[in-house]
Amino acid sequence: MAVAEAPRAAALPRLDVTWAAAGALAPVTDSLTDAYGGTPRFPEPRSDRPAVIANFVSTLDGVVSYATPEAAGGGEVSGFFGPDRFVMGLLRAHADAVLVGAGTVRAAPSERWTPADVYPHGADAFATIRRARSLPPQPTTVVMTASGGLDPMHPGLCSPDTPVLLAHTSTNEPMGFAANVENLRVTGATDLLRTLCARGVRLLLCEGGPHLLAQLLRLGAVDELFLTVAPQIAGRTAEQPRLALAEGEAFNVADAPWWRLQSLHRVGSHLFLRYAHEGPKGE
């Protein structure tokens, strides 16, 4: 199928190909439906865990972070591309909770994991989505950390309007955090997913980092992957290894997860891919 050239820029960027995928119908406002090209549909939760979707941006050669103090996040990878930030906001607007690792928090010292923070132009529409889905004004920020050793004054952790769940594996209770932060001791990712399910989280959005994503992939707990491919090549050396999409886990040929392409969008030279998990090849 031929893909048309991207039309002129607008407050809400228009993407090119209709977004179609299986799953439960999710309400969306007319302006965002028009901007994306279709009504988003998301997987149903499992009996023991939420539906889990992941959202990442990668270079052509698979780098998701330059991993330097001045360029540690995904913004440098996407070029802070407006449509990519719009999709981030749209997914956050539908999610009950946004899951990030401690490394992601440290790499984004000014980030708040809310829809309007990443794409302010869509603030009103994102709020309408959450009201239509009977969701709280902001998704819960869930931070997975071993020690809980994070800056309590980080904007994404201390904003009173955003609930934060600090899921840690340490036997020591993290101290000094604001009243909106709840400490939760867990034994690992499986325990966290079960706990979130028991708390009523139906749709969980994972935004990284790649070590946390790899843990979820090893568990077979990622239902869909939203991947923006930015038209740049970062490269890597032994001195600058940089981070790929999944770090800390190595799959064998027999158990490597395969994915089915759900939709493809293009804006300029950026590609927006959506995949559904199929399991190991041959299943």
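About the thresholds
- Residues numbered from 1 in each chain as written.
- Predicted model: local features only at pLDDT ≥ 70, side-chain atom pairs only at ≥ 80, totals over all residues.
- Heavy atoms only, no water.
- Helix = DSSP H or I, 4+ residues; strand = E, 2+ residues; numbered from the N terminus.
- Buried < 20%, exposed > 50% of the residue type's maximum accessible area, 1.4 Å probe, protein only.
- Contact = heavy atoms within 4.5 Å.
- Pairing = 2+ DSSP bridges.
- Axes fitted to C-alpha atoms, helices over the stretch in contact; angles between N-to-C directions.
- Salt bridge = Lys/Arg side-chain N within 4 Å of Asp/Glu carboxyl O.
- pLDDT = per-residue confidence, 0-100.
- Arc of directions from axis to C-beta.
- Patch = residues over 30% accessible without salt bridge, like charges linked within 9 Å, V, L, I, M, F, W, Y side chains within 5 Å.
- Areas by Shrake-Rupley, 256 points an atom, 1.4 Å probe, with all protein chains shown as cover.
- Phe/Tyr/Trp six-rings, centres within 6.5 Å; stacked < 30°, edge-to-face > 60°.

(A) Geometry of the overall build of the protein. Helix and strand counts for the protein stand at nine helices and eleven strands. A burial count over the protein gives 50% of its 283 residues as buried. Considering only contacts in the protein between residues 6 or more positions apart, those separated by 24 or more positions represent 66%.

(B) Layout of the sheet that holds strand β8 (residues 203–206). Taken together, the nine strands give an open sheet; going across it, the order is β7-β6-β5-β4-β8-β3-β9-β11-β10, and neighbouring strands pair in mixed fashion. Of all the strands in the sheet, just β7 (181–185) and β10 (257–267) have a single pairing partner and so form its edges. Neighbour to neighbour, the strand axes of the sheet diverge by 20° on average, direction disregarded. Of the strand pairs in this sheet, strand β9 (residues 224–229) and strand β11 (residues 270–280) are connected by six bridges, and their pairing is antiparallel. When the bridges of β11 are listed, L225 appears paired with Y275. Against the sheet, helix α3 (residues 82–94) touches β3 (51–58), β4 (97–101), β8, β9, β10 and β11, its axis set at about 165° to β3.

(C) Structural view of the pattern of salt bridges. Going through the model one piece at a time under the given rule, you end up with eleven salt bridges. Residue R218 is joined to E249 by a salt bridge in which the shortest nitrogen-to-oxygen separation is 3.0 Å. Residue R218 is found in helix α9 (residues 210–218), and its partner E249 is found in the loop between β9 and β10; the two are separated by 31 residues along the sequence. Between R260 and E278 there is a salt bridge whose closest N-O contact spans 3.4 Å. A residue pair is termed long-range when its members are at least 10 positions apart, and R260 in strand β10 and E278 in strand β11 qualify at 18 residues. Among the residues examined, R260 registers a relative accessible area of 37% and is labelled partly exposed. Take E278: its relative accessible area is 43%, and that puts it in the partly exposed class. Each of R46, R49 and D223 takes part in salt bridges that share partners, so that together they form one network.

(D) Spatial organisation of unusual backbone geometry. Here the residue pair G208 and G209 is connected by a cis peptide bond, since its omega of 10° sits within 30 degrees of zero. Positive phi values are uncommon outside glycine, yet F80 reaches one of about 55°. Summarising the element assignment, F80 is placed in the loop between α2 (75–78) and α3. Exposure remark for F80: the relative accessible area of 48% places this residue in the partly exposed category. Phi is positive for R242, close to 60°, though the residue is something other than glycine. By the element assignment, R242 lies in the loop between β9 and β10. Of the residues examined, R242 reaches a relative accessible area of 16% and is grouped as buried.

(E) Spotlight on the confidence of the model for the protein. For the protein, the average pLDDT comes to 86, and 86% of its residues sit at 70 or higher. Low pLDDT (under 50) marks residues 1–10, which in the prediction has 14 contacts with non-local residues, meaning those over four places away or in another chain. Across residues 16–28, confidence stays below pLDDT 50; counting only partners more than four residues off in sequence or on other chains, it has 60 contacts.

(F) Region of the structure containing helix α8 (residues 189–198). When we look at burial in α8, the residues that qualify are A189, L192, L193, T195 and L196. Seen end-on, α8 carries its buried residues on one side only, within an arc spanning 165°. Away from the buried face of α8 by more than 90 degrees, exposed residues R194 and A198 are located. Trailing α8 by a residue or two, G200 shows a phi angle of about 95°, which is positive.

(G) Local environment of a nonpolar patch on the surface. Taken together, the side chains of L261, L264 and L271 present a nonpolar region at the surface, about 220 Å² in accessible area. Relative to the elements of secondary structure, L271 occurs in strand β11.

(H) Seen up close, the packing of aromatic side chains. Under the definition given, this model contains one aromatic pair. Plain terms: the ring middles of F86 and Y119 are 5.7 Å apart, the flat faces sit at 70° to each other, and that makes the pair edge-to-face. Of this pair, F86 sits in helix α3 while Y119 sits in the loop between α5 (115–118) and α6 (123–132); the two residues are 33 residues apart in sequence, bridging distant segments of the chain. Accessibility assignment for this pair places F86 and Y119 in one class, buried.

(I) Summary view of α6. Of the residues making up α6, those classed as buried are A125, F126, I129 and R130. For α6, the arc enclosing every buried residue in end-on projection is 140°, short of the 170-degree limit, so these residues lie on one face. Exposed residues on α6 whose side chains face more than 90 degrees from its buried face are D124 and R131. A positive phi of about 55° marks S134, the residue just after α6.

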